[in-house]
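# Structure at a glance
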Amino acid sequence: MREVDFISQIHKSTKRDYIGRVNNKKYPKSEAAKLAKKFDFDYWDGDRDICYGGYKYIKGRMDNLVRKMIDYYNLNSNSKILDIGCGKGYLLYDFTRFLPGIKVQGIDISDYAINNSKEEIKSNLIKGNATKLPFLDNYFDLVISINTLHCLHAYELFDALKEMERVGKK
């Protein structure tokens, strides 16, 4: 399968001092990681030195990414998308902006993220784990997981990838 890079453009558009964040005296990386692994307030909306810090929806930020994915995967209003590790559902919401009527579903392990998600799609988000997806085989036209697999333990990766393949159409 050919690699397609949808993310680098967005990642590079934000200027961050990664070395400074790792060497932060207030929140050394090891301490920040302990807080982040809770996937609670500190991870999503806490101090910027710890994790995302003020993770909020910014209209237009993901527009180019969404357009590219729609074109590349030939998505339309009848398509079904699953986002594994959907967080607050912002990417899924953007798909609904571009393709009214599209079926979107998100799953995340964070109660906090789901409880603080976009109201417009909150009912489409559920709590769950990437290693055991509660969806039918071959149901989704597109299954994405942009910021999740690296959070899993190595022994969970095979099951997560197997589940992604199971619920996605071939």
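Residue positions are counted from 1 within each chain, in the order its sequence is given. Owing to the predicted nature of the model, reporting of local features is limited to residues with pLDDT of at least 70; listing and counting of side-chain atom pairs is limited to 80 or more, with chain, interface and lining totals taken over all residues. Hydrogens are left out, water is left out, and the side-chain values use all remaining heavy atoms of the structure.

A few words on the overall build of the protein chain. Secondary structure elements are taken from DSSP: a helix is a run of H or I of four residues or more, a strand is a run of E of two residues or more, and numbering for both begins at the N terminus. If you tally the helices and strands in the protein chain, you get eight helices and four strands. Seen in sequence order, the protein chain has helices and strands lined up from the N terminus as α-α-α-α-α-β-α-β-α-β-β-α. Long-range contacts, defined here as pairs at least 24 residues apart, represent 62% of the contacts in the protein chain between residues at least 6 apart. Within the structure as shown, the protein chain displays about 10,400 Å² of accessible surface, and the carbon and sulfur contribution to it stands at 53%. Should any heavy atoms of two residues lie within 4.5 Å, those residues are counted as being in contact. Computed with the Shrake-Rupley method and a 1.4 Å probe, the accessible areas treat only the protein chains shown as cover for residues.

Read across the open sheet, the four strands follow the order β3-β2-β1-β4; overall the sheet is parallel. Each edge of the open sheet is held by one strand with a lone partner, namely β3 (125-127) and β4 (142-144). Averaged over all pairs of adjacent strands, the angle between strand axes in this sheet comes to 15°, irrespective of strand direction. Pairing of strand β2 (residues 103-108) with β3 involves three bridges; the strand directions are parallel. Across the sheet, the residue bridging to Ile107 is Ile126, located in β3. Sheet contacts for helix α6 (residues 90-98): β1 (80-84), β2, β3 and β4; angle to β2, the most-contacted strand, approximately 175°. Think of it this way: DSSP has to see at least two bridges between two strands before they count as a pair. Here the axes come from fitting lines to C-alpha atoms, over the contacting stretch only for helices, and the angles between their N-to-C directions go from 0 to 180 degrees.

This part covers the pairing of β2. Relative accessible area decides the class of each residue, using a 1.4 Å probe on protein chains only: under 20% of the type maximum gives buried, over 50% gives exposed, and in between gives partly exposed. By the criterion of burial, β2 is predominantly enclosed, with five of the six residues buried. Of the pairings in the sheet, the one linking β1 to β2 comprises five bridges and is parallel in character. When the sheet's bridge partners are listed, Lys80 is paired in β2 with Lys103. The handedness of the β1 to β2 crossover, carried by α6, is right-handed. For a crossover, the right-handed case is the one in which the path from the first strand over the helix to the second runs clockwise, viewed with the strands pointing away from the viewer.

Now for the nonpolar core. Among buried residues, those of type Ala, Val, Leu, Ile, Met, Phe, Trp, Tyr and Cys that are joined through side-chain atoms within 4.5 Å constitute a nonpolar core. Residues Met69, Leu75, Ile81, Leu92, Phe95, Val104 and Ile144 are the most contacted members of the largest nonpolar core, which totals 23 residues. Those elements giving two or more residues to this core turn out to be α5 (63-72), α6 and β4. It is α6 that provides the largest number of residues to this core, a total of five residues. Contacts of Ile81, omitting those with residues within four sequence positions, involve Leu75, Leu92, Phe95, Ile102, Lys103, Val104, Gln105, Phe140, Leu142 and Ile144. Counting residues in hydrophobic clusters, the runner-up holds twelve residues, among them Leu82, Ile84, Phe135 and Met164.

Quick look at the environment of Thr148 now. Residue placement: Thr148 occurs in the loop between β4 and α8 (154-167). Relative accessible area serves as the criterion here: at 13%, Thr148 is assigned to the buried category. A sequence separation of 62 residues divides Thr148 from Cys86, and the C-alpha atoms of the two residues are 8.5 Å apart. Apart from the residues within four sequence positions on either side, Thr148 is in contact with Ile84 and Gly85.

The salt bridge criterion pairs a side-chain nitrogen of Lys or Arg with a carboxyl oxygen of Asp or Glu, the two atoms within 4 Å. Tallied over the entire structure, the rule returns nine salt bridges. A salt bridge links Lys127 to Asp111, with the shortest nitrogen-to-oxygen separation between them at 3.1 Å. With Lys127 in strand β3 and Asp111 in helix α7 (residues 111-115), this residue pair connects regions lying 16 residues apart in the sequence. A relative accessible area of 51% means that Lys127 is categorised as exposed. Between Glu119 and Lys122 there is a salt bridge whose closest N-O contact spans 3.1 Å.

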